[in-house]
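Chain residues, written in single-letter form:
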Amino acid sequence: MADSKQKISIGDQYETFRIKHKYLPKVSSDQPLKGPLQRIGKSYNSTFLHMAIRFKHKGLVNQLLDMLPNQESLPDPDAVWNIKNNEGNTVLHEMAASDSWKESATKLVKMCKDKDQELLIARNELGETPIFCAARHGQTDMFEFLAGEMKQKAEGPEDLKPYLRRKDGTTVLHISIFTECFKLAHHIADCYKYLIVERDNDSMTALHYLACNPTAFGRKKPKIGQGFMEDLMKSTSLTEKLHECPLILEELVKLLVKEDTTWYASKNEELDIELSQTKKGIDSQENKSKTSSHRNEQKFEEELKIELSQTKKGIDSQENESKSSPKRNEQKSEEGLKIKLRVMNLR
């Protein structure tokens, strides 16, 4: 009988929920609701609990949590840590988006008892854990709560490292800087210094993210260049660069500059590449010069040979003409003598 009343109660709550949000009937199912983890979302296949969290119904969410069965007695596919929507988000992912859900998240984690770690490290389709979602939304209280729960199971200081980044290599420090949540970014950089030198899939560190941010330093347009980065690297330039920035941003920059030595390495690599390209250019010019000189020599030799050949032919032609001239003269003399003898005989 109690179970029947619960079903009626949750059904009524669902109908009230749908009526209150006129958008909901378009994206949710109109099938009778039997439990808080029943899927009602048409597009994202979300459960009633997912939707209640997303629409920020705190009282309803707490009631739905109370209705959840004993999680340890459920088979894994039906357990709350394995129930995800099409985005891959668990209920805890949804809660991680706001500090206001910290109390409900605490209640949810306690419900999972020995399985809480599976809920804490579950990943969505982007490879984000709930703590990453908290960082992405700039929720410091939720981030600290989730980090504290995860540290209870950790054995070493860097055991959390795999869960503080998503598939594309972006870390919680990268994302908090990208979304300009500098207070949280400073907290992360201070507590997890090993993340400062971590690179994403584009080989960018947190300092690169900060230097490329078009608005962090009051710049209207991005000024991404070596000069700005070099200024950040020089402690004498920091005060001048940051005097108009919030104090927390100034502290963040100083911390990143102090701990991130990869910029110097990348700068040296760029210099090596530049020198290599310059050397290649010089070698190429020398090779072209040598090739051009060799071709000119060959052309000169060929022209000289042709000229010598033509000169030799001219000399031979003159010698042949000279040799043939006496013979012609002798022939002419003989013919003249014969004519004279004929004339004499006639006389």
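Residues numbered from 1 in each chain as written. Predicted model: local features only at pLDDT ≥ 70, side-chain atom pairs only at ≥ 80, totals over all residues. Heavy atoms only, no water.

Details of the packing of aromatic side chains
Just so we agree on the cut-off: Note on aromatic contacts: the rings of Phe and Tyr and the six-membered ring of Trp form a pair at centre separations within 6.5 Å, being stacked when their planes are under 30 degrees apart, edge-to-face when over 60 apart, and tilted otherwise. Strands are runs of DSSP state E lasting at least two residues, helices are runs of H or I lasting at least four, and both sets are numbered from the N terminus onward. Buried means the residue's accessible area, taken with a 1.4 Å probe over protein chains only, is under 20% of the maximum for its type, while exposed means over 50%, and partly exposed covers the values in between.
For the coordinates displayed, the defined rule picks out two aromatic pairs. A ring pair is formed by Phe143 and Tyr192, whose centres lie 6.3 Å apart and whose planes are at 80°; its orientation type is edge-to-face. Of this pair, Phe143 sits in helix H9 (residues 140–151) while Tyr192 sits in the loop between helix H11 (182–191) and helix H12 (206–211), and the two are 49 residues apart along the sequence. Assessed through its relative accessible area of 3%, Tyr192 is described here as buried. Aromatic pair Tyr192 and Tyr194: ring centres 6.2 Å apart, planes at 80°, arrangement edge-to-face. For Tyr194, a relative accessible area of 15% translates into the label buried.

Digging into H9
Stated precisely, the cut-off is as follows: For a helix, the expected span equals 1.5 Å multiplied by the residue count minus one. Residue contacts are counted whenever heavy atoms from the two residues lie within 4.5 Å of one another.
The terminal C-alpha atoms of H9, which comprises 12 residues, lie 16 Å apart, in line with the 16 Å expected from a rise of 1.5 Å per residue. Those residues of H9 lying buried are Thr140, Met142, Phe143, Phe145, Leu146, Ala147, Glu149 and Met150. Close packing links the buried residues of H9 with helix H5 (91–95), helix H6 (102–112), helix H7 (116–120), helix H8 (130–136), helix H10 (172–178) and H11.

So, the packing of helix H4 (residues 58–67) against H6
The cut-off we apply is this: Every axis in this analysis is a line fitted to C-alpha atoms, fitted for helices over the stretch in contact. Angles between the N-to-C directions lie between 0 and 180 degrees. Under this scheme an angle from 65 to 115 degrees is roughly perpendicular, one under 35 degrees roughly parallel, and one over 145 degrees roughly antiparallel; angles in between are oblique.
Packing of H4 against H6 leaves a shortest axis separation of 11 Å and a crossing angle of 5°. The orientation of H4 with respect to H6, classified from their angle, is roughly parallel. Contacts between H4 and H6 involve Val61, Asn62, Leu65 and Asp66 from the first element and Ser104, Lys107, Leu108 and Met111 from the second.

Brief notes about the nonpolar core
Convention followed: By nonpolar core we mean a set of buried residues, namely Ala, Val, Leu, Ile, Met, Phe, Trp, Tyr and Cys, connected to one another through side-chain atoms within 4.5 Å.
Ranked by size, the top nonpolar core spans 69 residues in total, and within it Leu173 and Leu256 carry the most contacts. With near-sequence residues (within four places) excluded, Leu256 lies in contact with Leu173, Ile177, Ala189, Ile196, Ala206, Leu207 and Leu210.

A few points about the pattern of salt bridges
Stated formally: A pairing counts as a salt bridge when a side-chain nitrogen of Lys or Arg comes within 4 Å of a carboxyl oxygen of Asp or Glu.
Inspection of every chain in the model, using the stated rule, returns 11 salt bridges. Between Glu198 and Lys161 there is a salt bridge; the shortest N-O distance is 2.9 Å. Highlighted residues: Glu198 in the loop between H11 and H12 and Lys161 in the loop between H9 and H10, separated in sequence by 37 residues. Lys161 sits in the partly exposed class, given a relative accessible area of 24%. We note a salt bridge from Asp190 to Lys193, for which the minimum N-O separation is 3.3 Å. Residue classification places Lys193 among the partly exposed positions, given a relative accessible area of 35%. Taken together, the salt bridges that share partners define one network made up of Glu128, Arg136, Arg166 and Asp168.

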